[in-house]
Amino acid sequence: MKYYLIVGEASGDLHASHLMQSLKARDPEAQFRFFGGDLMTAVGGLRVKHFRELAYMGFVPVLLHLPTILKNMKMCKQDIKQWQADVVILVDYPGFNLSIAKYVHQEGICPVYYYISPKIWAWKEYRIKNIKRDVDELFSILPFEVDFFEQKHHYPIHYVGNPTAQEVREFLKNEGKKQDIAKTKPIIALLAGSRMQEIKDNLPAMIEATSHLADQYDLVLAGAPSIEPSYYGKFLAGSHVRLLMNQTYSLLSQATAALVTSGTATLETCMFRVPQVVCYETPLPQLIGFLKRHFIKVRYISLVNLIVNREVVPELVAETFGAENIKRKLEAILPGGKHRQQMLDDYEEVHQRLGESQAPDRAADIMLKLLKR
């Protein structure tokens, strides 16, 4: 089979690489062509574009890079058609991928499978019309999405379990703490996002909120694989924070607590059982706060809270975001803090809900069964 995969960020590269491994184990003649990253490249196949050339976030960056985005989209469509893929597998990244799905469906090229469904339950729910029209099979990794798609929108999906839970379990089993990154002090991890705009918005407040702890803790920033180390320099200059590139799992396996920008990282931090504060700066914070209270349907932004539908980890978003609030919430989850043990206890419910499933293996089994049919 010929599999064409498209991802737009580091977490997608990780999940897609494991899916490729599972497909390869079941299909000895598997051929891969993809828009992806280094992890997918390591599995094999031909990388057409690196996701670094796709990952633009926010209205202004997207507008500024619109010619590049449109050029990449046109190239991707032509490449899929020319290669004559047996299936296109999309991984999250809906702004780009739903356009690809529409083209592939209209042209009748091949089936479209969506692995790691778009988070339309959080925003842009109207996209369900595009998904119903253009996506043949949807694979979900979050348990609460089943009701959203199947009960609310009458669109059957495949829930395959959560790959992040599996990836962390495998890391702890195979790697553990082999790579000791600690110095003489316990670690506070800073996970400021995987895109430049997220880092620019969130990292300065994280640094300010932890500066008073530099004598007691080793402050370590997790460098994202899609970001050049030099980009972090202007933020870290004069601070006590050190940068650790491409070792997020090693960092979390040894951290005492963490400040985390919302996204997959919040779930990863939970899986490592590291108490955390979720921080996400937004433009127009007062307006966003009002909309969040009165109009936005989703109560939480972190996957940890969404999975159990209650606040397990504090979320500092919109008008609650700021260095002083981050500092206060962080101190409450450090050793001896009043909320630390409760958060660790609540994490167990998240672990139980995600279970022990092998998500990429289950997804690969279903995909091959459907394709052979």
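Placed above this text is the structure.
Values in this document were obtained by computation on a predicted structure and should not be read as measured data.

### Focus on the overall build of the protein chain
Then, number 1: Looking only at helices and strands, the protein chain features 17 helices and 13 strands.
Then, number 2: Counting only C-alpha atoms and orienting by the principal axes, one finds that the protein chain spans roughly 60 × 45 × 40 Å.
Then, number 3: Within the protein chain, the proportion of its 373 residues that are buried is 55%.
Then, number 4: In the protein chain, the proportion of contacts linking residues at least 24 apart, taken out of those at least 6 apart, comes to 66%.
Then, number 5: Only carbon and sulfur atoms are counted for the fraction: they give 52% of the accessible area of the protein chain, which is about 17,000 Å².
Then, number 6: A distance of 3 Å separates the average location of the 45 positive side-chain charges in the protein chain from that of its 41 negative side-chain charges.

### Observations regarding unusual backbone geometry
Then, number 1: Phi at Asn 246 is positive, roughly 55°, even though this residue is not glycine.
Then, number 2: One can find Asn 246 in the loop between strand S10 (242-245) and helix H11 (248-254).
Then, number 3: Exposure remark for Asn 246: the relative accessible area of 52% places this residue in the exposed category.
Then, number 4: The phi dihedral of Arg 273 is positive, around 60°, even though this residue is not glycine.
Then, number 5: Tracing the backbone through its elements, the reader meets Arg 273 in the loop between helix H12 (264-271) and strand S12 (276-280).

### Topic: the pairing of strand S1 (residues 2-6)
Then, number 1: Of all the 5 residues making up S1, 5 are buried; the element is thus mostly covered by neighbouring parts of the structure.
Then, number 2: The side-chain alternation of S1 yields two buried faces, one formed by Lys 2, Tyr 4 and Ile 6 and the other by Tyr 3 and Leu 5.
Then, number 3: Here S1 pairs with strand S2 (residues 31-36) via 5 bridges, running parallel. Within the sheet, the bridge partner assigned to Tyr 3 lies in S2 and is Phe 32.
Then, number 4: As a crossover connection, the stretch from S1 through helix H1 (residues 10-26) into S2 is right-handed.

### Comments concerning the sheet that holds strand S4 (residues 87-91)
Then, number 1: In spatial order, the strands read S3-S2-S1-S4-S5-S6-S7; together these 7 strands make up an open sheet with parallel pairing. Looking at the sheet topology across the chains shown, the edges are occupied by strand S3 (46-50) and strand S7 (158-159).
Then, number 2: Against the sheet, helix H17 (residues 359-372) contacts S1, S4, strand S5 (112-115), strand S6 (137-140) and S7, and its axis sits at roughly 170° relative to S5.

### Remarks on the side chain of Arg 127
Then, number 1: With respect to the secondary-structure elements, Arg 127 resides in the loop between S5 and helix H6 (128-134).
Then, number 2: Although buried, Arg 127 forms no salt bridge, and the nearest oppositely charged side chain, Asp 92, lies 7.9 Å from it.

### Considering the sheet that holds S12
Strand pairing in a sheet takes place through backbone hydrogen bonds and is either antiparallel or parallel in direction.
Then, number 1: Spatially, S10-S9-S8-S11-S12-S13 is the arrangement adopted by the 6 strands of the open sheet, whose pairing is parallel. Two strands close off the open sheet at either side, each with one partner strand: S10 and strand S13 (315-317). When the angles between neighbouring strand axes are averaged without regard to direction, this sheet yields 25°.
Then, number 2: Where strand S11 (residues 255-260) and S12 come together, 3 bridges link them in parallel fashion. Residue pairing in the sheet places Leu 259 in a bridge with Val 277 of S12.

Rules of the game
Residues numbered from 1 in each chain as written. Predicted model: local features only at pLDDT ≥ 70, side-chain atom pairs only at ≥ 80, totals over all residues. Heavy atoms only, no water. Helix = DSSP H or I, 4+ residues; strand = E, 2+ residues; numbered from the N terminus. Buried < 20%, exposed > 50% of the residue type's maximum accessible area, 1.4 Å probe, protein only. Contact = heavy atoms within 4.5 Å. Areas by Shrake-Rupley, 256 points an atom, 1.4 Å probe, with all protein chains shown as cover. Lys, Arg positive; Asp, Glu negative; His and termini not counted. Charge placed at Lys NZ, Arg CZ, Asp CG, Glu CD. Pairing = 2+ DSSP bridges. Right-handed = clockwise from strand over helix to strand, strands pointing away. Axes fitted to C-alpha atoms, helices over the stretch in contact; angles between N-to-C directions. Salt bridge = Lys/Arg side-chain N within 4 Å of Asp/Glu carboxyl O.

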